Amino acid sequence: MSGTVSLSKVFILDKYFTELESYWKTEEKLESYHTADNGGNSNDVDLLKEQLRSLSTELVTLRSSLKEGLSTDDWPQEAMKRDVIVRQCANVSAYSTLNDLIHISGPLTEDAILRGLQTRFYTGDFYTNIGPILLSVNPYHDVHCSLTLTSTPEKNGSLCDVVEDAVARLAETGHSQAIILSGLSGSGKTHASMQLLRRLFDVAGGGPETDTFKHLAAAFTVLRSLGNAKTDSNAESSRMGQFIEAHVADGALYRTKIHCYFIDQTRIVKPLRHEKNYHIFYQMLVGLTQEEKGNN
């Protein structure tokens, strides 16, 4: 029975790629009509829009059929080839230069947004705006640092823009600004928060040499031990919710506060299989002398 289910998913996946290619080709044809001087024949445009709606519905249905998930072992060779085609198409697609998906031409469907994100991902653009929202797709690259405030890697332009826009709006309106980071475990929230804070100190905080920066960096080091743990997907998974206040007056950052409002307490008494407890317990054990370890 399991073999039958797996084979069924293979055919569904193959059908999905076929329909996705058809959707993209139809969308490109519609876009060529929009950019033409005469706007194209209205009947042809209406027909293409109807085809897009039909294909979009079919793609949603097929994706729902795959909702239980596929392992890479279930992918047939033909499906692998189609993924290569998708990557090659991404390099020449207009989506690769579209920084804000709100400007997508044609129907703004779920599949059009997914296509834009996939195209930008394959061309190395992992940050994409959708109006005022900045969406990040984590490529799971090694950032070669411990994700602390003092070891933040090179600046990211998209995240820098978020901070600079918030500081500018604060100066213009006098109203408090909020930057919300939301995502699944391992989606890159901690990495993004360190880059955002580092940029905020560069813009309004006087840089990393200030006492405010040093105190905040030290606090994050302690919180990392108390609130981070190894999970299946992330060796530095933050299991604690945080609200970070940064007080700025006259364009200068003068105080920060960290509010911790959630922690995964069940991990302390019963970590999940293949996962670990909070870093602090292992660090305490490493710090014990041989005599102390023997007495306990």
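Computed from a predicted structure; not experimentally measured.

Definitions and limits used
Residues numbered from 1 in each chain as written. Predicted model: local features only at pLDDT ≥ 70, side-chain atom pairs only at ≥ 80, totals over all residues. Heavy atoms only, no water. Helix = DSSP H or I, 4+ residues; strand = E, 2+ residues; numbered from the N terminus. Buried < 20%, exposed > 50% of the residue type's maximum accessible area, 1.4 Å probe, protein only. Contact = heavy atoms within 4.5 Å. Areas by Shrake-Rupley, 256 points an atom, 1.4 Å probe, with all protein chains shown as cover. Core = buried A, V, L, I, M, F, W, Y, C linked by side-chain atoms within 4.5 Å. Salt bridge = Lys/Arg side-chain N within 4 Å of Asp/Glu carboxyl O. Expected span 1.5 Å × (residues − 1). Arc of directions from axis to C-beta. Axes fitted to C-alpha atoms, helices over the stretch in contact; angles between N-to-C directions. Parallel < 35°, antiparallel > 145°, perpendicular 65-115°, else oblique. Left-handed = near helix turned anticlockwise from the far one by under 90°. Patch = residues over 30% accessible without salt bridge, like charges linked within 9 Å, V, L, I, M, F, W, Y side chains within 5 Å. Nonpolar A, V, L, I, M, F, W, Y, C, P; charged D, E, K, R; others polar. pLDDT = per-residue confidence, 0-100. Polar contact = N/O pair within 3.5 Å; in protein donor to acceptor, adjacent residues only side chain to side chain. Phe/Tyr/Trp six-rings, centres within 6.5 Å; stacked < 30°, edge-to-face > 60°.

A. Here's a closer look at the overall build of the protein chain. In terms of helices and strands, the protein chain carries 10 helices and six strands. The proportion of buried residues among the 296 residues of the protein chain is 30%. Expressed as a percentage of contacts within the protein chain between residues at least 6 apart in sequence, the contacts between residues at least 24 apart total 60%. Carbon and sulfur atoms provide 54% of the accessible area of the protein chain, an area that totals close to 18400 Å².

B. Structural view of the nonpolar core. Residues Leu149, Leu197, Leu216 and Phe220 are the most contacted members of the largest nonpolar core, which totals 17 residues. Within the residue set of this core, elements represented by two or more residues are helix 5 (157-173), helix 6 (189-205) and helix 7 (211-227). Looking at this core element by element, the count peaks at six residues for helix 6. With near-sequence residues (within four places) excluded, Phe220 lies in contact with Leu149, Met194, Leu197, Gln242, Ile244 and Ile258.

C. How the structure looks around the pattern of salt bridges. Inspection of the entire model under this criterion finds five salt bridges. Among the salt bridges present, the one from Arg224 reaches Glu236, with a minimum N-O distance of 2.9 Å. Here Arg224, found in helix 7, pairs with Glu236, found in the loop between strand 3 (228-229) and strand 4 (237-238); they are 12 residues apart in sequence, far enough to count as distant. Between Arg267 and Glu275 there is a salt bridge; the shortest N-O distance is 2.8 Å. Owing to a relative accessible area of 17%, Glu275 belongs among the buried residues under this scheme. Salt bridges sharing partners connect three or more residues here, namely Asp264, Arg267 and Glu275.

D. Just helix 5, in detail. The end-to-end C-alpha separation of helix 5 is 24 Å, in line with the 24 Å expected for 17 residues at 1.5 Å each. Every buried residue of helix 5 is listed here: Leu159, Cys160, Val163, Ala166 and Val167. The arc enclosing the buried residues of helix 5, seen along the axis, measures out at 130 degrees, which places them on a common side. Those residues of helix 5 hidden inside the fold are in contact with strand 1 (127-130), strand 2 (133-136) and helix 6.

E. Structural context of the packing of helix 6 against helix 7. The N-to-C vectors of helix 6 and helix 7 enclose an angle of 165 degrees; their axes lie 11 Å apart at closest approach. Relative to helix 7, helix 6 is oriented roughly antiparallel. Once helix 6 is placed against helix 7, the crossing between them reads as right-handed. Where helix 6 abuts helix 7, its residues Met194, Leu197, Arg198 and Phe201 lie against Thr212, Phe213, Leu216 and Phe220.

F. Highlighting a nonpolar patch on the surface. Nonpolar side chains collect at one region of the surface, where Ile268, Val269, Phe281, Tyr282, Met284 and Leu285 lie side by side and expose about 600 Å² of accessible area between them. Looking at the nonpolar patch, the elements that each hand over two or more residues are helix 8 (266-269) and helix 9 (279-287). Residue contributions to the nonpolar patch peak at four residues, all from helix 9. Its place among the elements puts Ile268 in helix 8.

G. Spotlight on the packing of helix 5 against helix 6. Put simply, helix 5 and helix 6 touch, their axes get as near as 9 Å, and they point 50 degrees apart. Compared by their axis directions, helix 5 and helix 6 come out oblique. As helix 5 runs across helix 6, the sense of the crossing is right-handed. Residues Leu159, Cys160, Val162, Val163, Glu164 and Val167 of helix 5 lie in contact with helix 6, whose contacting residues are Ala192, Gln195, Leu196, Arg199, Leu200 and Val203. The residue inventory of the contact of helix 5 with helix 6, partitioned by class, reads nine nonpolar, one polar and two charged.

H. Molecular detail of the confidence of the model for the protein chain. Summarising the model, the protein chain shows a mean pLDDT of 76, and 67% of its residues fall at 70 or more. Between residues 1-10, whose pLDDT stays under 50, and residues either more than four places distant or in other chains, the model counts seven contacts. pLDDT under 50 marks residues 70-76. Its contacts with residues more than four places away, or in other chains, come to 10 contacts.

I. Representation of the side chain of Arg267 in the model. As for its position among the elements, Arg267 is in helix 8. At 2.8 Å, the side chain of Arg267 forms a polar contact with the side chain of Glu275. Apart from the residues within four sequence positions on either side, Arg267 is in contact with Ala229, Lys230, Thr231, Arg239, Glu275, Lys276, Asn277 and Tyr278.

J. The arrangement of the packing of aromatic side chains in detail. Counted by the stated rule, this structure contains three aromatic pairs. Here the aromatic rings of Phe121 and Tyr122 are separated by 6.0 Å at their centres, their planes lie at 65 degrees, and the arrangement is edge-to-face. In textbook terms, an aromatic cluster arises when at least three aromatic residues are bridged by ring pairs, as seen for Phe121, Tyr122 and Phe126.

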